[in-house]
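# Notes for the structure review
This is what each chain is made of:
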Amino acid sequence: MPPSSLRVVYAFAREMHPKTTDVFIEYGTAGFRTKASLLEHVVYRMGLLAVIRSRVKNGRTIGMMITASHNLEPDNGVKLIDPEGEMLEQSWEEIATRLANVSDNDLEATTAEVIKQVNADMGLKASVFIGMDTRYTSPRLAAAAVHGVMALKGTAKEFGIVTTPILHYCVRCRNDNTYGTPTEEGRKYGPYSLVGTPGERGYYEKIVGAFKNIRGKLPVHGSYNTTLYVDGANGVGGKKLNIIKKSLDGELDLVLYNLGGNGGKLNLNCGADFVKVSQTPPVGVEHAPFQRVASLDGDGDRLVYYYLDNNNKMHLLDGDKIATLLASYVTELLKACEATDLKLGLVQTAYANGASTKYITEDLKVPVSCVKTGVKHLHHAAQSYDIGVYFEANGHGTVLYSDKAKTTIRRIAQEGEPEQRKAAQLLLNFIDMTNETVGDAISDLFLVETVLCARGQNVKDWMEAYTDLPCRQLKVTVQDRNAISTADAERRCTAPEGLQSRIDELVATYKSGRSFVRPSGTEDVVRVYAEADTQENADKLAAEVSQAVFDLAGGVGDRPLA
Ligand code: G16
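Since this is a predicted model, take the numbers as computed values, not measurements.

## Topic: the sheet that holds strand β14 (residues 397-401)
The 4 strands lie next to each other as β12-β11-β13-β14, forming an open sheet whose pairing is mixed. Looking along the sheet, the strands with just one partner apiece sit at the ends: β12 (368-371) and β14. Strand-to-strand, the axes of this sheet are offset by a mean angle of 20°, without reference to chain direction. Summarising the sheet, strand β11 (residues 344-349) and β12 pair through 4 bridges and their orientation is parallel. Its bridge partner being in β12, L346 is matched across the sheet by V368.

## As for helix α10 (residues 319-336)
Between its first and last C-alpha, α10 extends 26 Å over 18 residues, near the 26 Å set by a 1.5 Å rise per residue. For α10, the tally of buried residues reaches 14 of 18 residues, placing the bulk of the element in the interior. Backbone nitrogen of D320 and a side-chain oxygen of the N-cap are separated by 3.1 Å at the start of α10; the cap is D318. Positive backbone phi, approximately 55°, marks E338, located one or two places after α10.

## Considering the domain arrangement of the chain
Segmentation of the chain into domains returns domain 1 (3-161), domain 2 (319-463) and domain 3 (471-552). For domain 2 versus domain 3, the separation of C-alpha centres amounts to 30 Å. Approximately 840 Å² of surface area, both sides summed, lies buried where domain 2 meets domain 3, with 53% of it carried by carbon and sulfur atoms. By the criterion of area lost to domain 3, the three top residues of domain 2 are A350, Y351 and C370, representing 61% of everything that side buries. There are 0 salt bridges connecting domain 2 and domain 3. Here the side of domain 2 that touches domain 3 is composed, by residue class, of 5 nonpolar, 3 polar and 1 charged.

The rules behind these values
- Residues numbered from 1 in each chain as written.
- Predicted model: local features only at pLDDT ≥ 70, side-chain atom pairs only at ≥ 80, totals over all residues.
- Heavy atoms only, no water.
- Pairing = 2+ DSSP bridges.
- Helix = DSSP H or I, 4+ residues; strand = E, 2+ residues; numbered from the N terminus.
- Axes fitted to C-alpha atoms, helices over the stretch in contact; angles between N-to-C directions.
- Expected span 1.5 Å × (residues − 1).
- Buried < 20%, exposed > 50% of the residue type's maximum accessible area, 1.4 Å probe, protein only.
- Polar contact = N/O pair within 3.5 Å; in protein donor to acceptor, adjacent residues only side chain to side chain.
- Domains from an automatic or database assignment.
- Buried area = accessible area lost by both parts, 1.4 Å probe.
- Salt bridge = Lys/Arg side-chain N within 4 Å of Asp/Glu carboxyl O.
- Nonpolar A, V, L, I, M, F, W, Y, C, P; charged D, E, K, R; others polar.

The structure is reproduced here in structure tokens:
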């Protein structure tokens, strides 16, 4: 493409998606995220960048997801998905930020600069898949994305309303046709049966087909029961489960709430983030004590569970509990198929409850590593194991299986002794059910239900594996959240001066105390985490550390936020 054809880049910007704000915006934990009204020019420009990225990857498909995930309705966001279905390569985040912030007048020149910098062959074909969540601002932003793709002569394919993980899956399948078919429904086979080769399966066939197949091998027993209540966060995940529900044939009885009707607002007092952070049940879900409830977030990439006891006290099973459940089951199956040369490891962040890390190392005897917040960091670290289980405490995670692991397990499934073969077959179904591209609430839900069913456990049995230390998360608004710098996987704060020593002093006064602070990459706040021996102490420690952040990092308003 000759440089003169970049003029259309400016024309689209000026006529359709002008930059109307000087607010600086940065590609953060999960792409750009802010008030929807500030995003149209950013999304248009990301359409341009997606085309350039596709060309740098020899025409392989790149994904663009319009979502602000767990954030409330007025926000929105955009993130790019790389060809394997993983998050955008980190070195491109700076390029994305630069392109998003230049003036309309400088856009054409900056686009040319980027093309030169990354050495994109603009004569190649380019393909971009675009998906969006249920926000009312998403269609307009998706249209801006399409214009960005058109301006650089790429081909855009719109998927409409999908969960973030469905789009990740479709991008991966489009670039690797052995992984699946890049559609929700699949092409060849009827209601989600596990027939045909993996490459012939759409998303529902892959996940639900594998679940039904495994359920055929694992009869319901013990204290497991097939009724599962679900809080859909008034977002897209619940809607997709409503489609899946009809094909489950009683293997799992889903009772769905917060599907977006009856005036329910996206993520407002419901959804995985609300349940995890506030440690209270979502509005709009009614159930008896000890009923298992799964809570999804707005774009269906996070999952937590909870139940109420006889005193209406909520008990939370978060990402740590899901990670330990899955890791322990996969370990059991690996032992049963005697695949002793496969190394399984677990990846967490600083938010992981101290009790979970102790349980993983001391009881499960599984190696564990701690990385910075953000799925991209966890995903990367998990790839260093033959089988890598990664979860953030907020419910975002999945399991990755290396080629070596898959080949070994397939071989045992065919050549092993009968008991080994049985375990290896189960493991193959478990792999099939997993969306390895990114954390996926729907896939994780079926994985959890499979383990509980296999073990004949109810939600209380699951809870009893270990006891979480009481914890509390708070937010503090400061003038500039980037005034906070961190090190050691965000467990230590290196700026502003004096804040870490103040945190150390406070932590030292509490039994089993631990606390850290970090700037959020998705909201304009500083996050504070604290845990201690009692809930009262965890709450007090979190409040004191929040006050320290407020005092030393330029708090806004009268006092820290709750
Ligand atoms: C995103 C990221 C997660 C991260 C979360 C909160 O989740 O994908 O990895 O944990 O934001 O990030 P922060 O604390 O930096 O705001 P989601 O579900 O909102 O896309």
